[in-house]
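# Commentary on secondary and tertiary structure
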2 protein chains.
Amino acid sequence: MSVTNASPAQAAQAAKSASHVLATLPASARNDALTAIHSILSSSRESILAANAEDMDLAKKAAADGQLSSSLVSRLDLSKPGKYDDMLKGILDVRDLQDPVGKVSLKTKLDDDLILERVSSPIGVLLIIFEARPEVIANIASLAIKSGNAAILKGGKESTRSFVAIASAISKALESTAVPNDAIQLVTTRDVIPELLALDRLIDLVIPRGSNELVRSVKEGTRIPVLGHADGLCAAYLAADADPALAARVLVDAKTSYPAACNSLETLLVQESALATPVFTTAARALLAAGVTLHADGPSKSAILASVDDAPTAQVVDVQESDYDTEFLSLDLAVKTVADLAAATAHINAHSSGHTDLILTSDPAAAEAFLAVVDSAGVYWNASTRMADGMRYGFGTEVGISTNKIHARGPVGLEGLMIYKYKLRGTGQVSLAYGEGEGQKPFKHEKLPLN
Amino acid sequence: MSVTNASPAQAAQAAKSASHVLATLPASARNDALTAIHSILSSSRESILAANAEDMDLAKKAAADGQLSSSLVSRLDLSKPGKYDDMLKGILDVRDLQDPVGKVSLKTKLDDDLILERVSSPIGVLLIIFEARPEVIANIASLAIKSGNAAILKGGKESTRSFVAIASAISKALESTAVPNDAIQLVTTRDVIPELLALDRLIDLVIPRGSNELVRSVKEGTRIPVLGHADGLCAAYLAADADPALAARVLVDAKTSYPAACNSLETLLVQESALATPVFTTAARALLAAGVTLHADGPSKSAILASVDDAPTAQVVDVQESDYDTEFLSLDLAVKTVADLAAATAHINAHSSGHTDLILTSDPAAAEAFLAVVDSAGVYWNASTRMADGMRYGFGTEVGISTNKIHARGPVGLEGLMIYKYKLRGTGQVSLAYGEGEGQKPFKHEKLPLN
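Looking at an unreviewed UniProt entry, one finds chain A named glutamate-5-semialdehyde dehydrogenase and attributed to Sodiomyces alkalinus.

Structure (structure tokens):
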């Protein structure tokens, strides 16, 4: 890893060149590099935590002066119990994942001795822009090396000392490995993000890790593809035939288990005929008891006040139209009454951010219709939206959650850092030999096993 | 299909809404629509050709005035022998391809009665921008309907009458089918491309079909993902151990079988030790005999003039450095002498457009090294670069050839018009039930057969 004061273009050019070496290394060489990184970060714990403590001192002062949020200061702290060990464990977890490079996904005999293969290969150069959390650098460097991608890392200025300490250690570790040092570039110069985002000939994919504002500003400032999501505006449709206890349990988990997460629930669509029944009132009671403020439309508000005994009225407020487009990230939930499934899916397809949406119903046909028509990365039946997560899906890691409509969608594992190339191995074949003309022959197009 | 004078935003909104219906139709309904389109375009041949003749009259006049190129006029002509029949056959060919919608590519039991599926689904709304060839409209409409995507079509003004005639016929055909008319929008108003390219919340993918200039201007003018390639700068590396006859045959096909194609050869890298041998001179002789002008560097020029008897000296000219970055699209070939494989791949990774690159060698180890290190969509060993084509690869159709580093790369078939969604079917599971804490349990993450 180079801790560089080079210009963004120089860093990107160095990363591009290194990516061509990295892409050809065998899995063992990439894994050995991760082992070396793990080992040096273990032995450098003290000096890295000392650097982090300096960042923390400055950040605390800035927070005291009101220049930094206390949540940012908290995310900066590497000395929190378990955090450093989690970072170390994460490196080995990534190392031990299946190698994503060189997987053959298509093999066709075009003709005798003319074999086409589609083989997974690294995308090339990743640009990772992140904010305060310094442990992300080890995670991202691991993911990049494992997947054979070069990476340029740009962190927030609050964690510069921590980054430089971690980066220097990683750089030292890589010296003894086959992974080129230039494959991981740490850019510490300030205000270079616009310059980096303009390098669309050298950088192949941008992954912003941080606040909605960060993601949105990155997406708006570049023609490089961006993997991520600005918003997680998840909705649930509560049908009148849902199981009341099941629905209440799922809704409470989806709304309250981690309200600041992108996969948390923000909108509840209630079928009109459910309003006066235990289906809705059980859910409303459970949500209110869990401390949720319901931003309710007229019919749902009336139903709550009429049917939920001693409803805490401060937690039942009039909804604003804009609430249906708001990612609260807090214990607030917008509630809307809809006539039926069609109205619910129309609302979701118009207002959802395409992250994860849910139907609560006992009717399999209605559930399947919902899963088919809702155009979101995750479409769920009777399970909490909080399941939308790479670890929970069994990917072993999570690069991010994408609401893009191409390449990778939903929780993204290592696969999202891969593309493919076509390898064609022939024995002198030429295009003019094939066709329907005289002396020409057809292709064989015989599918071969992928083994 | 709507032939619309609606605003671009209205057309895109209508397409988006229709896409949600189209995405849920069974394959039979989408196929029936293609049958209906085929049938009406067969019976409307006369009126469509009459409209095309009007376009042709105007285009010929414009060409006579020097306002249009004669090649554009030629591409406009639907009455060329076989062209209309090919268009009709193409619709049925697309109809008879395997259904790309609803394919399950991952199935995992997260826990008992909690099953995750990754299912292929349409991307949403495609924007297709094309130039003169009016038959593209039938092809693209077929591909969109087959893949469950809505599409907005914007054609060149020279073919407006042909487009409107074809579009009206398709619109009439769709009336009797389950495919919503709004799913295919033809925009005929002029100068709306910038407006369309700004609609990144409604349009999910842009596919420009036409000249390099069109593709480049589209790529530079939008944040919507663009599928395609601006340049096809293909290179071959001729190693000293290549079979002379094989190499000459492949190079002549790659350069001359269709020089204007994106998969044609533009640069020949010759190993220095091959210069004075039959490996190079056989190839040079064959290329010159096929009418190719060789833009040669010093060493290769000397070798040609010294070793190729009666070489036509007008066809051996001094190379300019910029020739190595030029897509000639003509019978011109830049020739450069390189020391070895490493120098060749370094040149290619710096100058190639990432389309298709070739090594000619008898050494399997060198070939595999080339295929691994060259970062292009197609990497070939001893076969013509002209093989880079969706039909030749056996995809049954070609949406385009992509030099992108994400989503789809190389010749793109119907798969390139698909993304996936995650369907999670549960029985009331919540996130807080899983983990390593007290009372929590681990996920099962059991892979299930895809069948």
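This part takes up the packing of helix α2 (residues 27-43) of chain A against helix α5 (residues 83-95) of chain A. Residue and element names in this part refer to chain A. Interaxial distance between α2 and α5 falls to 9 Å at its minimum, and their mutual angle equals 170 degrees. Here α5 runs roughly antiparallel to α2, going by the angle between their axes. Between α2 and α5, the contacting residues are N31, L34, T35, I37, H38, L41 and S42 on the first element and Y84, M87, L88, I91, L92, V94 and R95 on the second. Classifying every residue of the contact of α2 with α5 gives 9 nonpolar, 4 polar and 1 charged.

What follows covers the packing of aromatic side chains. The final tally for this structure, using the stated rule, is 12 aromatic pairs over all chains. Ring geometry for A:Y420 versus A:Y422: centroids 5.5 Å apart, planes at 75 degrees, classification edge-to-face. Under the relative-accessibility criterion, A:Y420 is labelled buried at 16%. Owing to a relative accessible area of 1%, A:Y422 belongs among the buried residues under this scheme. Through successive ring pairs, a cluster of aromatic residues spans A:Y393, A:F395, B:Y420 and B:Y422. Over the ring of A:Y420 we find A:R118, and its NZ or CZ is 5.2 Å from the ring centre.

Turning our eyes to something else, we now look at helix α7 (residues 160-175) of chain A. Because an α-helix completes one turn every 3.6 residues, residues spaced three or four positions apart along the sequence face the same direction. With 16 residues, α7(A) should reach 22 Å at 1.5 Å per residue; the first-to-last C-alpha distance of 22 Å fits that figure. Among the residues of α7(A), A:S162, A:F163, A:A165, A:I166, A:A167, A:A169, A:I170, A:S171, A:A173 and A:L174 are the ones counted as buried.

Another point: the pattern of salt bridges. A complete count under the given rule lists 50 salt bridges over all chains for this structure. One salt bridge connects A:D85 with A:R45, and the closest N-O pair in it is separated by 2.5 Å. Remark: A:R45 occurs in helix α3 (residues 45-64) and A:D85 occurs in helix α5; sequence separation between them is 40 residues. Overall, A:D85 belongs to the partly exposed group, its relative accessible area being 41%. Look at A:R45 and you get partly exposed, because its relative accessible area is 31%. Between B:E117 and B:R425 there is a salt bridge whose closest N-O contact spans 3.1 Å. Of this pair, B:E117 sits in strand β3 (residues 114-122) while B:R425 sits in strand β17 (residues 418-429), and the two are 308 residues apart along the sequence. For B:E117, a relative accessible area of 11% corresponds to the buried category.

What counts as what
- Residues numbered from 1 in each chain as written.
- Chains lettered and ligands numbered in written order.
- Predicted model: local features only at pLDDT ≥ 70, side-chain atom pairs only at ≥ 80, totals over all residues.
- Heavy atoms only, no water.
- Axes fitted to C-alpha atoms, helices over the stretch in contact; angles between N-to-C directions.
- Helix = DSSP H or I, 4+ residues; strand = E, 2+ residues; numbered from the N terminus.
- Parallel < 35°, antiparallel > 145°, perpendicular 65-115°, else oblique.
- Contact = heavy atoms within 4.5 Å.
- Nonpolar A, V, L, I, M, F, W, Y, C, P; charged D, E, K, R; others polar.
- Phe/Tyr/Trp six-rings, centres within 6.5 Å; stacked < 30°, edge-to-face > 60°.
- Buried < 20%, exposed > 50% of the residue type's maximum accessible area, 1.4 Å probe, protein only.
- Lys NZ or Arg CZ within 6 Å of the ring centre and 35° of its normal.
- Expected span 1.5 Å × (residues − 1).
- Salt bridge = Lys/Arg side-chain N within 4 Å of Asp/Glu carboxyl O.

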